[in-house]
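Report on the structure
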Amino acid sequence: MSSVPPPDVTYTLSLPSSIIDRGLLSALQLEAIVYACQQHEVILPSRQRAGFLVGDGAGVGKGRTVAGIILENYLRGRKKALWFSVSNDLRCDAERDLRDIDASCIPVHALSKIKYGDTSASEGVLFATYSALIGESQAGGQHRTRIKQIRDWCGENF
């Protein structure tokens, strides 16, 4: 990847200057946030919003970067985000990362604590594990699977 030049930056951050001035995000994290959010402005031919992969190694601060991306999108009116991780225990880390960049106003909903079929949480972060994506209710009903529940929570314009 180092042999490929990065795209020109055309995106202007909406993050409060106090986050930058107080050093709550590093220059490397801010760079990833800018590139990710610039990519989120791209609407694909399928009418879906383009994504961005944060592939940083251990200890770089991926959680804080993701929190910054979520906050930036939240400030742009995109009030829902999905945060997948390997363990439900890492939800506390996600909440901490949001709090550490002054984004504790964004609620984090643990999918594991929500009943199948409940899509009442109107905005915020839906935190789930990768294994939850294959979860299935034995009771049946409209939301038999977690993936259907997640998609319904996101809504058409996600």
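Residues numbered from 1 in each chain as written. Predicted model: local features only at pLDDT ≥ 70, side-chain atom pairs only at ≥ 80, totals over all residues. Heavy atoms only, no water.

Focus on the overall build of the chain
Helices and strands together make up the secondary structure of the chain, namely five helices and three strands. N-terminal to C-terminal, the α/β element order of the chain is α-α-α-β-α-β-β-α. Relative to the globule expectation of 15 Å for 158 residues, the C-alpha radius of gyration of the chain, 17 Å, shows essentially globular dimensions. Out of the 158 residues in the chain, the part that is buried amounts to 35%. Considering only contacts in the chain between residues 6 or more positions apart, those separated by 24 or more positions represent 63%. In the structure as shown, the chain presents an accessible area of about 9,500 Å², 52% of it carried by carbon and sulfur atoms. For the chain, the centre of its 18 positive side-chain charges and the centre of its 17 negative side-chain charges are spaced 6 Å apart. (Helix = DSSP H or I, 4+ residues; strand = E, 2+ residues; numbered from the N terminus. Rg over C-alpha atoms; globule rule 2.2 N^0.38 Å. Buried < 20%, exposed > 50% of the residue type's maximum accessible area, 1.4 Å probe, protein only. Contact = heavy atoms within 4.5 Å. Areas by Shrake-Rupley, 256 points an atom, 1.4 Å probe, with all protein chains shown as cover. Lys, Arg positive; Asp, Glu negative; His and termini not counted. Charge placed at Lys NZ, Arg CZ, Asp CG, Glu CD.)

Description of the packing of helix 2 (residues 27–40) against helix 3 (residues 62–75)
Helix 3 packs onto helix 2 with a crossing angle of 45° between their chain directions and a minimal axis gap of 9 Å. Relative to helix 3, helix 2 is oriented oblique. Crossing angle aside, the handedness with which helix 2 passes helix 3 is right-handed. Between helix 2 and helix 3, the residues in contact are Gln29, Ala32, Ile33, Ala36, Cys37 and His40 and Arg64, Thr65, Gly68, Ile69, Glu72 and Asn73, respectively. Tallied by class, residues from the contact of helix 2 with helix 3 come to five nonpolar, five polar and two charged. (Axes fitted to C-alpha atoms, helices over the stretch in contact; angles between N-to-C directions. Parallel < 35°, antiparallel > 145°, perpendicular 65-115°, else oblique. Left-handed = near helix turned anticlockwise from the far one by under 90°. Nonpolar A, V, L, I, M, F, W, Y, C, P; charged D, E, K, R; others polar.)

Considering the side chain of Ser85
Its location among the elements puts Ser85 in strand 1 (residues 80–85). Among all residues touching Ser85, those that are not within four sequence positions of it are Leu90, Phe127, Ala128, Thr129 and Tyr130.

Topic: the packing of aromatic side chains
Applying the stated criterion across every chain, the model contains zero aromatic pairs. Its guanidinium or amino end placed over the ring of Tyr74, Lys79 lies 4.0 Å from that ring's centre, counting from NZ or CZ. One residue, Lys80, lies across the ring of Trp153, its end atom 4.7 Å from the ring centre. (Phe/Tyr/Trp six-rings, centres within 6.5 Å; stacked < 30°, edge-to-face > 60°. Lys NZ or Arg CZ within 6 Å of the ring centre and 35° of its normal.)

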